[in-house]
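# Examination of the molecular architecture
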Amino acid sequence: MIEPFQQPFMLRAFAAAVLSGITLPLVGSFLVPKKLSLLGDASSHFTFAALAVAALAGLGFIMLPYAIPILAVYGILKTMKILKLSGDQALAIYLTLGAATASVALSLGARINLNAVLFGSLLLVQPEDLVASLGVAAFVVGFTAARFGSAVLYVVNEELARLKGVKTGLYELLFAVFAGLSIAVGVKIAGVLLVTALLVIPPTASSAIATSMKKSLALAVAVGLSSLTAGTYASYYVGLAPGALTVIILLALLIAVAAMDRAGLRI
Amino acid sequence: MDKGPAVELDGVTFSYVRGSPILRDVSLKIERGELLFVIGPNGGGKSTLLKIFVGALKPEKGVVKLFGVDIRRFRDWWMVGYLPQNAATLFERMALSVEELLSAVRVKGRGMGLEDVVRLVGVDEPGELLPKRVVDLSSGLLQKVMLAMSLVNRPRLLLLDEPTVYMDQRGVGTFMQVLRRIMNEWEVTTVIATHDVSAISTFATRVLCINREALYDGSIEELLTSEQLCDIYGFHVYALRHGHVWSGQ
């Protein structure tokens with residue numbers, strides 16, 4: 001049972017799973033009601049592009065895969081406002097732009113482990129990723145606790161948020177940084193294609209049966225944390241991608257919650 | 001803070017798309033304690049006008065003052081209560097409770113008790129309503145909660161964007177009674193934007209008709225007997241007046 005924990009790479013993968021399991025569902029709980037469910041997919045494709053371009057150019061530094069999704073999220077939010085696009089239109093544009101850039105870089109000879117990048121891997125997590133994800137998790141949890149009301153108003157209606165003194169421009173930027181960084185970290189363990197599941201499925205499940213937003217946040221974190229750590233653990237034994245295993249567990253939990261919802265059970 | 005009308009607009013122009021203003025050269029004054037209805041077709045600029053009042057949109061030309069203070073320097077935003085349009089769609093996919101919503105809007109140290117404000121808008125059992133989720137409320141109850149939300153900080157200026165949408169005539173009557181009572185007790189200036197002329201015709205005193213420009217500003221009686229409604233809406237107006245179905249012609 002404890003064998004996986006004797007491997008340094010597994011310890012790193014677990015730590016990343018715990019931190020991403022907290023951060024992604026928490027960020028997702030604000031993204032989903034803001035109707036930006038696919039934001040994770042769009043910006044993770046930018047991470048994909050960044051990894052491919054960095055590999056092509058032979059850049060060893062790690063900043064690019066962190067900076068790019070932040071820019072992508074901020075770009076998506078700004079594009080929606082400036083061109084008056086709906087969330088799904090802007091997300092589709094950014095998603096395909098990221099994928100196309102990655103495709104060009106791969107065609108030109110960028111060498112990356114596609115399977116690991118697209119579906120997550122136990123081996124990708126580096127110590128610096130853990131430092132970044134610890135920072136993001138601390139910020140997101142601290143911010144949500146300290147500014148819960150303002151964050152809720154920002155999601156519900158920006159005019160109401162302004163009247164409460166919320167600087168909506170600053171919140172937009174913070175939102176982009178939190179979402180972008182948590183996605184950049186989450187991609188390593190869950191993969192470009194599957195990281196969105198951790199943003200979307202936990203809040204979708206929890207908001208169906210929770211009787212308040214606070215309970216919904218706690219439940220989303222519980223769902224995300226348990227499924228990602230279980231998926232990572234199982235991945236060590238069965239040799240399947242951790243992202244894929246996590247999504248299967250998440251879907252099982254979602255079905256269980258849907259059954260609870262139909263039975264009228266509330267938490 | 002004690003000088004000037006509640007709202008003052010002077011030559012305000014605003015465009016979402018460059019060169020095609022949704023509001024053109026709008027000037028108006030809303031005195032303190034006044035009840036103003038803003039009517040006009042969808043897309044005519046009613047919501048835009050209210051969003052300019054809350055400072056969310058900045059006019060490209062003209063001056064906006066709240067309580068005599070230029071809106072760019074206005075800081076006492078607790079004085080403004082706002083009920084946004086399409087309340088039902090704001091809370092989708094969110095398990096937010098009524099209590100959490102009202103607490104989020106309430107300014108600490110200034111706002112009313114949550115049970116008090118819910119009772120104020122005509123809910124008899126606040127203890128039952130507060131823990132409920134906003135998404136689970138009936139449309140009538142949701143509008144009451146939204147009104148409570150706009151009142152929780154005891155505002156001096158109340159901006160209501162389509163507050164009676166989805167309500168039947170009786171619901172509108174009850175809603176207006178509650179609003180009248182609050183206006184009398186608090187001396188709050190109220191602006192109601194609506195496209196539903198028939199719903200308000202028995203309550204309105206001053207009406208502002210807006211379709212990109214301020215086309216009419218005056219009493220409802222004069223408006224209903226004039227041809228201006230047709231100009232504003234085209235030929236699809238059926239206003240209820242003194243209990244009769246009445247079409248502007």
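Right, let's get into the overall build of chain B. Scanning chain B for helices and strands turns up ten helices and twelve strands. Across the 249 residues that make up chain B, the buried fraction comes to 44%. Considering only intrachain contacts with a sequence separation of at least 6, the fraction spanning at least 24 residues in chain B is 68%.

What follows deals with the overall build of chain A. Secondary structure assignment for chain A yields twelve helices and zero strands. When the elements of chain A are put in sequence order from the N terminus, they spell out α-α-α-α-α-α-α-α-α-α-α-α. Relative to the 2.2 N^0.38 estimate, which gives 18 Å for 267 residues, the radius of gyration of chain A is 18 Å and therefore close to what a compact globule would have. Each of the three principal axes of chain A carries a C-alpha extent, and together these read 50 × 45 × 30 Å.

Here helix α6 (residues 139-151) of chain B spans 18 Å end to end across 13 residues, near enough to the 18 Å set by a 1.5 Å rise per residue. Taken together, the buried positions of α6 of chain B are Q143, K144, V145, M146, L147, A148, M149, S150 and L151 of chain B.

Residues and elements named next belong to chain B. If you trace the four strands from one edge of the open sheet to the other, you get β2-β1-β4-β5, paired in antiparallel fashion. Each edge of the sheet is formed by a strand with only one pairing partner; in this case those strands are β2 (23-30) and β5 (69-70). As defined by bridge partners, strand β1 (residues 7-14) adjoins β2 across five bridges and the pair is classed as antiparallel. Following the sheet pairing, V7 is matched in β2 by I30. Contacting β1, β2 and β4 (61-66), helix α1 (residues 46-53) runs over the sheet at an angle of about 120 degrees to β1.

Turning to the packing of helix α1 (residues 8-31) of chain A against helix α10 (residues 195-209) of chain A, a few remarks are in order. A pair of packed helices is captured by two measures, namely the crossing angle of their axes and the spacing between those axes. Residues and elements named next belong to chain A. Put simply, α1 and α10 touch, their axes get as near as 7 Å, and they point 70 degrees apart. Put simply, α1 runs roughly perpendicular to α10. Like other packed secondary-structure pairs, α1 and α10 cross with a definite hand, here right-handed. Residues S20, L24, P25, V27, G28, S29 and L31 of α1 form the contact with α10, whose own contacting residues are L198, L199, V200, P202 and P203. Taken together, the residues of the contact of α1 with α10 break down into nine nonpolar, three polar and no charged.

The subject of this paragraph is the interface of chain A and chain B. The partner chain B presents 23 residues to the 23 residues of chain A that form the contact. Broken down by secondary-structure element, the contributors of at least two residues to the side of chain A that touches chain B are α7 (148-156), α8 (158-163) and α11 (213-238) of chain A. Counting residues per element, the side of chain A that touches chain B draws most heavily on α8 of chain A, which supplies five residues. For the side of chain A that touches chain B, the per-class residue count stands at nine nonpolar, seven polar and seven charged.

Here we come to the environment of K65 of chain B. Residues and elements named next belong to chain B. Mapped onto the fold, K65 is located in strand β4. In the structure, K65 is positioned 130 residues away from H195 in sequence and 25 Å away in space, judged by C-alpha atoms. Excluding anything up to four places from it in sequence, K65 contacts G4, E8, D70 and I71.

Okay, α1 of chain B next. Residues and elements named next belong to chain B. Of all eight residues making up α1, eight are buried, and the element is well covered by its neighbours. Among the residues of α1, those classed as buried are K46, S47, T48, L49, L50, K51, I52 and F53. Two residues or fewer after α1 comes G55, characterised by a positive phi angle close to 80 degrees.

A few words on the sheet that holds strand β10 (residues 213-219) of chain B. Residue and element names in this part refer to chain B. The mixed open sheet is built from six strands, whose spatial order is β6-β7-β8-β3-β9-β10. Of all the strands in the sheet, just β6 (80-83) and β10 have a single pairing partner and so form its edges. Taking each pair of neighbouring strands and ignoring which way they run, the sheet shows an average axis angle of 15 degrees. Sheet topology places strand β9 (residues 206-211) next to β10; six bridges connect them, and they run antiparallel. Residue pairing across strands places N211 opposite E213, the latter belonging to β10. Running over the sheet, α6 touches β6 and β7 (157-161) and is turned about 160 degrees from β6.

Each value, and the rule that gives it
Residues numbered from 1 in each chain as written. Chains lettered and ligands numbered in written order. Predicted model: local features only at pLDDT ≥ 70, side-chain atom pairs only at ≥ 80, totals over all residues. Helix = DSSP H or I, 4+ residues; strand = E, 2+ residues; numbered from the N terminus. Buried ≥ 20, exposed ≤ 12 C-beta atoms within 10 Å, placed from the backbone. Contact = placed C-beta atoms within 7 Å. Rg over C-alpha atoms; globule rule 2.2 N^0.38 Å. Expected span 1.5 Å × (residues − 1). Pairing = 2+ DSSP bridges. Axes fitted to C-alpha atoms, helices over the stretch in contact; angles between N-to-C directions. Parallel < 35°, antiparallel > 145°, perpendicular 65-115°, else oblique. Left-handed = near helix turned anticlockwise from the far one by under 90°. Nonpolar A, V, L, I, M, F, W, Y, C, P; charged D, E, K, R; others polar.

Read these as geometric descriptors, not functional statements.
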